[in-house]
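Listed here are the chains, written in short residue letters.
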Amino acid sequence: MDYNSIFEEIKREINLDVKHGKVADYIPELAHVDPNKFGISLKCMDGQSFSMGDADEKFSAQSITKVFSLALAMNHFGQKVWSRMDVEPSGTSFNSLVLLEYEQGIPRNPFINSGALVIADMLVEKLEDPKGEFLEFVRNMTGSRDIDYNYKVANSERDHGFRNRAMANMLKSFGNIKGDVEDVLDFYFHQCSIEMSCKQLADAFMVFSNKGSMLGTKEKIITKQQSQRINALMLTCGFYDEAGEFAFRVGLPGKSGVGGGIAAVYPSEYSVAVWSPRLNKLGNSVLGMKTLELLTTKTGMGIF
Ligand SMILES: NC(=O)CC[C@H](N)C(=O)O
């Protein structure tokens, strides 16, 4: 497949001047990004990579990192993860508090903030050096050491993370956070602040396309079954209350973040990441979704 010419066609069609959507500013440090950035990178099972635009520029991965923290937790806890959260779409925004009280502190899934906070609690309790080990895990599955936390973003989120703090305290009140609330939040804010490029995200997500193993070294990061389950969760819960829309228009398991990135996989075919910082009202990248919709439409290949 000639992805380079498909990318060129997509670029012509989406009209990069489109100004729909708005850069996330509820975390003040994220508001500094140039809204016109646009990049895409796709990696195939034969190791070939195709990129366009700002594909090598790092940006705030934000909620895309929830896939990595879930993978690490599944590694350490296996099935036990599911005794503390569910695997159902939430139909509410990523930071909604409403369901959490109704459902007695059991988050709907690991890809909304409440679920990711419970995962963070598990990792903080289990790991000797949670932030260090998490960063190593992400670097390892990407095959690159050039990945770091952005401390300014983490601090900005800590200083303005009123809703996440409320959520963590509610989880604690229901007994679904075991550790210290501030330690859990500190891990979570750092996790979200990791910066990666589209190229690096496509490299990392290849693990979910390749049944849990790295392409080149064949190192097993998670089991095949865990990888299948993570893909199922990305398809049903990866875009909060827009998961249906993404499955309908794009038809791939994927995960978005408020930094404007989306990473997605076509199991056993490719992994892809796109970045455009302007978000729709539900917190997903407007052009990112459009680009992936055009990609699956133009290639005519779909998992369904
Ligand atoms: N959807 C997202 O990317 C949200 C992540 C962000 N760090 C938050 O907790 O609000």
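What you see is a predicted model; the values in this text were computed from it and never measured.

Visitor: Would you mind going over the overall build of the protein chain with me for this structure?
Guide: Counting secondary structure elements, the protein chain contains 12 helices and 7 strands. Since a compact globule built from 304 residues should have a radius of gyration of about 19 Å, the 18 Å found for the protein chain is in line with a globular shape. Seen through its C-alpha atoms, the protein chain measures out along the principal axes to roughly 55 × 40 × 35 Å. At a minimum sequence separation of 6, the contacts of the protein chain that also span at least 24 residues come to 68%.

Visitor: Can you help me understand the UniProt feature "binding site: substrate" (unreviewed entry) in the protein chain in this one?
Guide: Here, UniProt's "binding site: substrate" (unreviewed entry) annotation points to Ser63, Asn113, Glu157, Asn164, Tyr188, Tyr240 and Val258. With respect to the helices, strands and loops of the structure, Ser63 is situated in the loop between strand S3 (59–60) and helix H2 (65–77). Taking the number of C-beta atoms within 10 Å as the measure of exposure, Ser63 has 26 and is therefore buried.

Visitor: I would appreciate a short explanation of the packing of H2 against helix H4 (residues 113–126) in the present structure.
Guide: When two helices pack together, their arrangement is given by the angle between the helix axes and by the axis-to-axis distance. Running from N to C, H2 and H4 cross one another at 50 degrees; their axes reach a closest spacing of 10 Å. Put simply, H2 runs oblique to H4. In the packing of H2 onto H4, the handedness of the crossing is left-handed. Of the residues in H4, those touching H2 at Lys66, Ser69, Leu70, Leu72, Ala73, His76 and Phe77 are Ala116, Ile119, Ala120, Met122, Leu123 and Lys126.

Visitor: Sorry, what's going on with the nonpolar core here?
Guide: Within soluble globular proteins, side chains that are nonpolar tend to cluster in buried spots. Leu117, Leu201, Phe205, Val272 and Ala273 are the most contacted members of the largest nonpolar core, which totals 92 residues. Structurally, this core is a two-domain feature, drawing no fewer than three residues from each of domain 1 (3–62 + 194–299) and domain 2 (65–193). Leave out the neighbours within four places in its chain, and Val272 touches Ile40, Leu42, Ala202, Ala264, Leu292 and Leu295.

Visitor: Explanation requested: the site of the ligand in the structure shown.
Guide: Taken together, Gln62, Ser63, Phe94, Asn95, Asn113, Glu157, Asn164, Cys192, Gly257, Val258 and Gly283 form the complete shell of residues around the ligand. Of the residues that constitute the shell around the ligand, the class distribution is 3 nonpolar, 7 polar and 1 charged. Looking at the shell around the ligand, you find at least three residues from each of domain 1 (3–62 + 194–299) and domain 2 (65–193).

Visitor: Looking at this structure, how should I read helix H5 (residues 130–142)?
Guide: Look at H5: 18 Å from first C-alpha to last across 13 residues, which is about the 18 Å you get at 1.5 Å a residue. Three or more residues of H5 are buried, namely Pro130, Phe134, Val138, Met141 and Thr142. All buried residues of H5 project into a common sector of 105 degrees when viewed along the axis, lining one side. Its buried side turned inward, H5 meets H2, H4, helix H8 (181–193) and helix H9 (198–209). In the segment just after H5, Gly143 is the residue with positive phi, at about 75 degrees.

Visitor: Would you explain the domain arrangement of the protein chain in this entry?
Guide: A common way to report how large an interface is uses the accessible area buried once the components associate. Once the domains are mapped, the protein chain shows domain 1 (3–62 + 194–299) and domain 2 (65–193). For domain 1 and domain 2, the distance between their C-alpha centroids amounts to 20 Å. Domain 1 puts 32 residues into the contact, and the matching count from domain 2 is 35 residues. Looking at the side of domain 1 that touches domain 2, the elements with two or more residues in it are strand S4 (195–196), H9 and helix H10 (224–237). With 6 residues, H10 is the largest single contributor of residues to the side of domain 1 that touches domain 2. Residue composition of the side of domain 1 that touches domain 2, by class: 19 nonpolar, 8 polar and 5 charged.

Visitor: Quick question: what am I supposed to make of the sheet that holds strand S7 (residues 270–275) here?
Guide: Two pairing modes exist for strands in a sheet, parallel and antiparallel, and in both the strands are linked by backbone hydrogen bonds. Strand order in the open sheet formed by 5 strands is S2-S1-S7-S6-S5, and the pairing between neighbours is antiparallel. Strands at the two margins of the open sheet, each flanked by one partner only, are strand S2 (49–53) and strand S5 (254–256). Neighbouring strand axes in the sheet, compared pairwise and without regard to direction, differ in orientation by 5 degrees on average. Pairing analysis gives 5 bridges linking strand S1 (residues 39–44) to S2, with the strands arranged antiparallel. Bridge pairing links Lys43 to Ser49 in S2. Running over the sheet, helix H1 (residues 3–14) touches S1 and S2 and is turned about 25 degrees from S2.

Visitor: How do you make sense of the environment of Gly257 when you look at a structure like this?
Guide: Relative to the assigned elements, Gly257 resides in the loop between S5 and strand S6 (261–266). Under the C-beta neighbour-count criterion, Gly257 is labelled buried, with 29 such atoms within 10 Å. Residues Gly257 and Gly105, 152 residues apart in the sequence, show an inter-C-alpha distance of 23 Å.

Visitor: Got a minute to help me understand the environment of Gln191 in this structure?
Guide: Along the chain, Gln191 falls in helix H8. A C-alpha to C-alpha distance of 15 Å links Gln191 and Ala204, two positions 13 residues apart in sequence. Each residue touching Gln191, except ones within four places of it in the same chain, is listed here: Thr65, Ser69, Ala120 and Phe134.

How each quantity is defined
- Residues numbered from 1 in each chain as written.
- Predicted model: local features only at pLDDT ≥ 70, side-chain atom pairs only at ≥ 80, totals over all residues.
- Helix = DSSP H or I, 4+ residues; strand = E, 2+ residues; numbered from the N terminus.
- Rg over C-alpha atoms; globule rule 2.2 N^0.38 Å.
- Contact = placed C-beta atoms within 7 Å.
- UniProt positions renumbered as here; feature names shortened; annotations may be inferred.
- Buried ≥ 20, exposed ≤ 12 C-beta atoms within 10 Å, placed from the backbone.
- Axes fitted to C-alpha atoms, helices over the stretch in contact; angles between N-to-C directions.
- Parallel < 35°, antiparallel > 145°, perpendicular 65-115°, else oblique.
- Left-handed = near helix turned anticlockwise from the far one by under 90°.
- Core = buried A, V, L, I, M, F, W, Y, C linked by C-beta atoms within 7 Å.
- Domains from an automatic or database assignment.
- Near = placed C-beta within 6 Å.
- Nonpolar A, V, L, I, M, F, W, Y, C, P; charged D, E, K, R; others polar.
- Expected span 1.5 Å × (residues − 1).
- Arc of directions from axis to C-beta.
- Pairing = 2+ DSSP bridges.

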